[in-house]
Amino acid sequence: MATVTGADAAPLQAVLVTGGAGFIGSHFVKRLLRCPDVAEVTVLDALTYAGSLKNLGGALDDPKLEFVHASILDQPVVDAVMGRHTAVVHFAAESHVDRSFFHDAAFLSTNVLGTQVLLDAALRHRVRRFVHVSTDEVYGPWLTGAASERDRLAPTVPYAASKAASDLVALSYARTYGAPVCVTRSSNNYGPAQHPEKIIPLFITSLLKGQDVALHGDGKHVRNWLHVQDNCAGIELVLRAGRPGEIYNLSDGIDLTNNELTRILLQLCGAGWDRVRYVPDRTANDLRYAMDCAKAREELGYRPTHDLETALAETVEWYRSRPDRWAPALRDPAAPLPRILPGGPEQREAI
Ligand code: NAD
């Protein structure tokens, strides 16, 4: 298949970005604002505990950017906003696996019903492109080899199940109604300005504060780490040139066990292995995720560029220099982190 690049595709003009005040969405919005063919970007975000206008920073002063504070579940608002847009990139979601053990309903309503509200409005307004942003977790644990876009979905945890359900709804709109929907599935993202509930910022901020870090189980779980800018680059390629109705895996093949990741972070934060505590594994914790992204590489010319160790060092420096951006999130009483217990439903009931 010939490689296409963004330059081959139609101008984007006006793009609606849901969840654009979150981690990946805000990086994507800044990227879009630099594109000469983008005249208008609207961020629609409910500003949950995970979203912050600080993530958009100076971009909020850009005359091309409009911010709409609303939920994707608010059908009249979504319908009113959708009208003037040519494309949608849908990031908004409840995104933290650990929380999904305790707030399953919020995950299903935002991730599944919210996606359906957007798809409906996009169809009604004949939006030309719709990218639904998803995750490698929908494939479930992949012990050997790598999942391709044709493989079956077998999500383990409620977060992954809600994303798998939303992927299927999005693809059904392409098949049933001819909606111009693409799905991207990326591996774990890292980079500046990620909420400190996620493992890399959690470990960095704990180490910078002089606290220990807790590794689940034996630390041998394998995750593939993708710099947030490399994910955004892939999403932009899919937005411009992805084939409607198609799924694109986005990862860059850098697999690390949690032990290996921790060793790198300890070194970058100037700490030793004595700062690591092993704690019993959580009830559901997939041993390995792995995706084959040959399709994105061959069809779209997708090539991640970030070197993991260099980019992790830059990420640590960001957290070292910006405690104003992460310390409040750790203190926010409206968003207490759930206590994750090992064991079964009886322990969950006990919380
Ligand atoms: P995030 O939690 O940092 O941001 C989510 C954003 O969505 C926040 O700004 C939040 O306010 C907003 N939001 C939540 N509910 C909303 C609602 N009902 N209406 C409008 N806005 C709402 O998430 P992220 O890490 O940036 O992830 C973005 C997307 O990428 C998600 O769909 C996630 O499933 C997917 N993804 C993330 C990763 C990762 O490693 N972070 C990997 C693969 C896929």
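Residues numbered from 1 in each chain as written. Predicted model: local features only at pLDDT ≥ 70, side-chain atom pairs only at ≥ 80, totals over all residues. Heavy atoms only, no water.

### Focus: the sheet that holds strand β7 (residues 188-190)
Reading across from one edge, β7-β9-β11 is the order of the three strands in this open sheet, with mixed pairing throughout. Each edge of the open sheet is held by one strand with a lone partner, namely β7 and β11 (255-257). Between one strand and the next, the sheet's axes are offset by a mean angle of 50°, whatever the strand orientation. Bridging between strand β9 (residues 222-227) and β11 involves three bridges; their strand directions are antiparallel. The residue of β11 that forms the bridge with Arg223 is Leu256. Across the sheet, helix α8 (residues 258-268) is in contact with β9 and β11; its angle to β11 comes to roughly 90°. Its contacts with the sheet place helix α10 (residues 308-321) against β7, β9 and β11, and it is angled at close to 55° to β7. (Pairing = 2+ DSSP bridges. Helix = DSSP H or I, 4+ residues; strand = E, 2+ residues; numbered from the N terminus. Axes fitted to C-alpha atoms, helices over the stretch in contact; angles between N-to-C directions. Contact = heavy atoms within 4.5 Å.)

### A look at the side chain of Thr315
Tracing the chain through its elements places Thr315 in helix α10. Sequence-distant contacts of Thr315, that is, excluding residues within four places in its chain, are made with Tyr190, Gly191, Pro192 and Ile204.

### Quick look at the site of the ligand
Taken together, 29 residues form the shell around the ligand, and within it Ile24, Asp45, Ser95, Tyr159 and Lys163 come nearest. Taking Ile72, its main chain carries an N or O atom lying 2.9 Å from a nitrogen atom of the ligand. Here an oxygen atom of the ligand and a backbone polar atom of Phe91 are 2.9 Å apart. Elements with a contribution of two residues or more to the shell around the ligand: α1 (23-33), β5 (129-135), α5 (158-177) and β7. (Near = heavy atom within 4 Å. Polar contact = N/O pair within 3.5 Å; in protein donor to acceptor, adjacent residues only side chain to side chain.)

### A closer look at the sheet that holds strand β3 (residues 65-69)
One open sheet accounts for seven strands, arranged β3-β2-β1-β4-β5-β6-β10; its pairing is parallel. The open sheet has two edge strands with one neighbour each: β3 and β10 (247-250). On average, each strand axis in the sheet is inclined to that of its neighbour by 20°, with strand direction left out of account. When strand β1 (residues 13-18) meets strand β2 (residues 38-45), the two strands line up parallel, connected through six bridges. Note that in β2 the partner of Gln13 across the bridge is Val38. Packing of helix α4 (residues 104-124) onto the sheet brings it into contact with β1, β4 (87-90), β5 and β6 (181-186), and relative to β5 it is tilted by some 165°.

### A look at the packing of aromatic side chains
Two aromatic rings are characterised by how far apart their centres lie and by the angle between their planes. Summed over the entire model, instances satisfying the criterion amount to five aromatic pairs. Ring geometry for Tyr139 versus Trp142: centroids 6.2 Å apart, planes at 75°, classification edge-to-face. In this structure Trp142 comes out as buried when scored by relative accessible area, which is 14%. One Lys or Arg, Arg99, reaches over the ring of Tyr49 and ends 3.8 Å from the middle of that ring. Taking the ring centre of Trp273 as reference, the NZ or CZ of Arg263 above it sits at 5.1 Å. (Phe/Tyr/Trp six-rings, centres within 6.5 Å; stacked < 30°, edge-to-face > 60°. Buried < 20%, exposed > 50% of the residue type's maximum accessible area, 1.4 Å probe, protein only. Lys NZ or Arg CZ within 6 Å of the ring centre and 35° of its normal.)

### A closer look at the pairing of β1
Burial within β1 is extensive, with five of its six residues counted as buried. Tracing the backbone out of β1, into α1 and back to the parallel element β2 gives a crossover that is right-handed. In terms of strand pairing, β1 meets β4 through four bridges, oriented parallel. Its bridge partner being in β4, Leu16 is matched across the sheet by Val88. (Right-handed = clockwise from strand over helix to strand, strands pointing away.)

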